[in-house]
Amino acid sequence: MARNIEIKARIADLEALARRVGLLSTAGPARIAQDDTFFACPNGRLKLRDFGDGHGELIFYQRVDQTGPKTSFYAITPTAEPDSLREVLTRAHGQTGRVIKQRTLYLVERTRVHLDQVEGLGTFMELEVVLHEGEPAEAGEQEAQALMAALDIPASALIDSAYVDLLRTAAHSSRSHRAHATLLSQIEYRAPPP
């Protein structure tokens, strides 16, 4: 399987970061609409990425959830029928989440830099240092750390979760908040006796 080293960070000012990335980039920007549907998968993550133009990619990947550089093993298969494939995979495995985003892609040498606007979450940056066959992960980790420093991304901005997990957490938090508010509205306030 192919491998890369990934870093993901929450970004407050995406336009300022785009200017910094633009100064370092060797290709880009390319704007890409992405609609990712996730399916139950016991050995990693399985998602169908629909580009909204009649083609997509089925992507399987494995990686640990940790802040900072992490190795991701992945396999990608293109599809010309993402809607049909989504229906089949939903029937076979069940959907576990959906992430809709606008991605701006840059290349800085062999590193893919993604500036993402994720519906329901906000703005983020991902670095993916594509590793060569047999190359030690440490080489990619050093490149990722150096690029993170060049782009002025503080360690405090790093996140350890996938977008789909962040959306799930946000939805759970929102449901808990609504349930608490409903409970409070049902409690009748009674003034203490004089």
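See above for the structure.
Student: How would you sum up the overall build of the protein? Please name residues and give values.
Tutor: Secondary structure summary: the protein contains 4 helices and 8 strands in total. Along the protein, helices (α) and strands (β) appear in the sequence β-α-β-β-β-β-α-β-β-β-α-α when read from the amino end. Classification of the 194 residues of the protein by burial places 40% in the buried group. The contacts of the protein with a sequence gap of at least 6 include a subset with a gap of at least 24, amounting to 63%. With the model as given, the accessible surface of the protein reaches about 11000 Å², and the carbon-plus-sulfur share is 55%.

Student: With reference to specific residues and values, describe helix H1 (residues 14-24).
Tutor: Within H1, burial applies to Leu14, Ala16, Leu17 and Val21. Projection of H1 onto a plane perpendicular to its axis shows the buried side chains occupying an angular sector of 160°, all on one side. Seen from the buried face of H1, the exposed residues on the opposite side, beyond 90 degrees, are Glu15, Arg19 and Leu23. If you follow the buried residues of H1, they end up packed against strand E6 (95-108), strand E7 (111-118) and strand E8 (122-130).

Student: Can you break down helix H3 (residues 137-150) residue by residue, with the values?
Tutor: End to end, H3 covers 20 Å across 14 residues, agreeing with the expected 20 Å (1.5 Å per residue, within 8%). Where the residues of H3 are buried, they touch strand E1 (2-10), H1, strand E5 (70-79), E6, E7 and E8. Directly after H3, the chain includes Asp152, whose backbone phi takes a positive value near 60°.

Student: Provide a residue-level description of the sheet that holds strand E3 (residues 45-50), including the pertinent values.
Tutor: The 8 strands lie next to each other as E1-E5-E4-E3-E2-E6-E7-E8, forming a closed barrel whose pairing is antiparallel. For this sheet, the mean angle separating the axes of adjacent strands, direction not counted, is 35°. Packed on one face of the sheet, H1 meets E6, E7 and E8 and runs near 165° to E7. The strands touched by H3 are E1, E5, E6, E7 and E8; relative to E1, the strand with the most contacts, the crossing angle is about 25°.

Student: I'd like to hear about the nonpolar core, residue by residue, with values.
Tutor: Of all hydrophobic cores here, the largest spans 23 residues; its most connected members are Leu17, Val113, Met125, Leu127, Leu151 and Ile153. Elements that contribute at least two residues to this core include exactly E1, H1, E6, E7, E8 and H3. Considering each element in turn, this core owes the most residues, 4 residues, to H3. Contact partners of Val113, with chain neighbours within four places excluded, come to Val21, Thr104, Leu105, Tyr106, Val108, Met125, Glu126, Leu127 and Leu147. One finds Phe38, Ile59, Val118 and Leu167 within the second-largest nonpolar core, a separate group that totals 14 residues.

Criteria and thresholds
Residues numbered from 1 in each chain as written. Predicted model: local features only at pLDDT ≥ 70, side-chain atom pairs only at ≥ 80, totals over all residues. Heavy atoms only, no water. Helix = DSSP H or I, 4+ residues; strand = E, 2+ residues; numbered from the N terminus. Buried < 20%, exposed > 50% of the residue type's maximum accessible area, 1.4 Å probe, protein only. Contact = heavy atoms within 4.5 Å. Areas by Shrake-Rupley, 256 points an atom, 1.4 Å probe, with all protein chains shown as cover. Arc of directions from axis to C-beta. Expected span 1.5 Å × (residues − 1). Pairing = 2+ DSSP bridges. Axes fitted to C-alpha atoms, helices over the stretch in contact; angles between N-to-C directions. Core = buried A, V, L, I, M, F, W, Y, C linked by side-chain atoms within 4.5 Å.

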